[in-house]
Amino acid sequence: MTSSGTTHDGAADAGEAGRGDPFRLAGRRNRRKIAILAAAALLLAATSVTAVAVGASGISLRDVGWALWTRALGITISTDELATQTVVWELRLPRVGLAVAAGAGLAVAGVVLQGLLRNPMVSPFTLGISSAAAFGASLTILFGDPAGRGSVGMVASALGMALLCAGLLLGLSWLRQASPVTLILVGTALTYLFQALTSTMQYIASENQLAEIVRWSFGSVNAATWAEVVAVGVPVLVATALLIGQAGNLNAIAFAGDDAARSLGVHVPRTRLICSLLAVMLAAVIVSFTGVIGFVGLVAPHIARLLIGADHRFLLPFAALAGALLVLAADTAGRTLFSPAVIPVGIVVAFLGAPLFINLILTRRRQFL
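Overview of the structure. All residue numbers refer to position in the chain's written sequence, counted from 1. Thresholds applied to this predicted model are a pLDDT of at least 70 for local features of residues and 80 or more for the giving and counting of side-chain atom pairs; totals over whole chains, interfaces and linings are not thresholded and use all residues. Processing note: side-chain calculations cover all non-hydrogen atoms of the structure and skip hydrogens and water entirely.

Points about the overall build of the chain
- Helix numbering and strand numbering both begin at the N terminus, where a helix is a DSSP run of H or I of at least 4 residues and a strand a DSSP run of E of at least 2. Scanning the chain for helices and strands turns up 15 helices and zero strands.
- Relative accessibility decides the category of a residue: with a 1.4 Å probe and only protein chains considered, values under 20% of the type maximum give buried, values over 50% give exposed, and everything between is partly exposed. Per-residue burial for the chain yields a buried fraction of 47% across its 369 residues.
- Any pair of residues with heavy atoms lying within 4.5 Å of one another is described as a contacting pair. Summarising the internal contacts of the chain: among those between residues at least 6 apart in sequence, 76% fall at separations of at least 24.
- Note on areas: Shrake-Rupley, 1.4 Å probe, and residue coverage restricted to the protein chains presented here. Accessible surface for the chain amounts to roughly 17600 Å². Of this, 68% is attributable to carbon and sulfur atoms.

Observations regarding the packing of helix α10 (residues 247-256) against helix α12 (residues 268-290)
- Interhelical geometry of α10 versus α12 gives an angle of 110° and a closest axis separation of 11 Å. Considering their axes alone, α10 and α12 lie roughly perpendicular with respect to each other. Contacts between α10 and α12 involve Asn249, Leu250 and Ile253 from the first element and Val268, Thr271, Arg272 and Cys275 from the second. The axes are straight lines fitted to the C-alpha atoms, using for helices just the contacting stretch, and the angles between their N-to-C directions are given from 0 to 180°. Here the word oblique covers every angle except those under 35 degrees (roughly parallel), over 145 (roughly antiparallel) and from 65 to 115 (roughly perpendicular).

Quick word on the nonpolar core
- Core analysis: the biggest nonpolar cluster contains 106 residues, and Val88, Val112 and Ile129 have the highest contact counts within it.
- For this core, the element with the highest residue contribution is helix α4 (residues 79-117), accounting for 19 residues.
- The contacts of valine 112, once residues within four sequence positions are left out, are Leu243, Leu250, Cys275, Ala279 and Leu316. Put simply, a nonpolar core is a bunch of buried Ala, Val, Leu, Ile, Met, Phe, Trp, Tyr and Cys residues held in one set by side-chain atoms that sit within 4.5 Å of each other.

Here's the deal with the packing of helix α5 (residues 129-143) against α12
- At a minimum axis separation of 9 Å, α5 and α12 run at an interaxial angle of 45°. It follows that α5 is oblique to α12 by the angle criterion. Crossing of α5 over α12 shows right-handed handedness. From α5, Ile129, Ser130, Ala133 and Ala134 reach across to α12, where they touch Val280, Ala283, Ala284 and Val287. Left-handed describes a crossing in which the near helix is turned anticlockwise from the far one by less than a right angle; the clockwise case is right-handed.

Some thoughts on a nonpolar patch on the surface
- Excluding any residue in a salt bridge, patches collect residues exceeding 30% relative accessible area, merging like charges within 9 Å and nonpolar Val, Leu, Ile, Met, Phe, Trp and Tyr side chains within 5 Å. Every case where a carboxyl oxygen of Asp or Glu lies within 4 Å of a side-chain nitrogen of Lys or Arg is listed as a salt bridge. On the surface, a nonpolar cluster with roughly 420 Å² of combined accessible area is contributed by Trp66, Trp69, Leu73 and Ile75.
- As for its placement among the helices and strands, tryptophan 66 is situated in helix α3 (residues 61-73).
- Taking relative accessible area as the criterion, tryptophan 66 reaches 38% and is therefore assigned partly exposed.

Considering the pattern of salt bridges
- Under the definition given, this model contains five salt bridges.
- Residue arginine 313 pairs with aspartate 311 through a salt bridge whose shortest N-O separation is 2.5 Å.
- With its nearest N and O atoms 3.9 Å apart, the salt bridge here joins aspartate 331 to arginine 335. Of the two residues, aspartate 331 and arginine 335 both sit in helix α14 (residues 312-336), four residues apart, roughly one turn of that helix. Side by side, aspartate 331 and arginine 335 carry an identical accessibility label, which is buried.
- In the salt-bridge network here, residues are joined through shared partners; they are Arg95, Asp331 and Arg335.

The following block contains the structure:
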């Protein structure tokens, strides 16, 4: 009996030691986070298929599956089936792809800016970066590039204005040690400034130019093409991969601050420059194709932190999935709830983002004073 009791007690002690082992606990937490990431990816895939099937043309999930199967294998189909395949491949799938890519990119940009500035109220929209990029795009519409949406000239103009806005903000942050409240206030001022400049462009634009600029101010993935999906999706994938590679450095800056990060061997200026440029470029490229979709860079990171924590190794990919889900769900709701009218995705997202932004201000105000 004594031997049995001793063995039992030893096993219990070993179990307690195992439960207290920090490495084992960390491994369990990481496995849990990986499982959450996998579940979110599956949810995004299911939502994407559903979004392709939802609409006024009466296409079912079975029709979507058949259209994908026949197109992938090159199977000869009837005229009616060809019409369904065209709707799925040329209209619905590019729209879903652009919504997913735009949502993921804006969310990743929001996570990075929040980590670098150590402020959960920061996003490309609240800092004025999205408005600046929209102004750059409106300049191209008004003065020049006949290729229009997503052209090289439009992307360059949007990127230039976004970099100008980000330079003003980050320069103030680094050189003058501005508080988070000051940065938010300056970002708000720059948002109003660039919105006023865009309104000036609308005032002097022709009727066709005005319609295009207004579309930019709403934010939309209407009339998406596969070329646009590739043009947005590739930068999002590349930038997200590069930023995940910087996750350890972002953790050091976000959790410990610049001085402690330097003591840990992080090259803080280089990390800030690389990550800031990638975040700003993401926002500018997306805006040049979709217009301003506000609050995604604020809402998606907030949701991701609540579910998976603040470790950027997991936060970045999960925020990308959350942002993609948010924009895709908002676009699907906008084109189906009031059909045949289509509500731009930027408007639908704002209905969710504005209340959450107010909630952040009221519940976390002490962090920013």
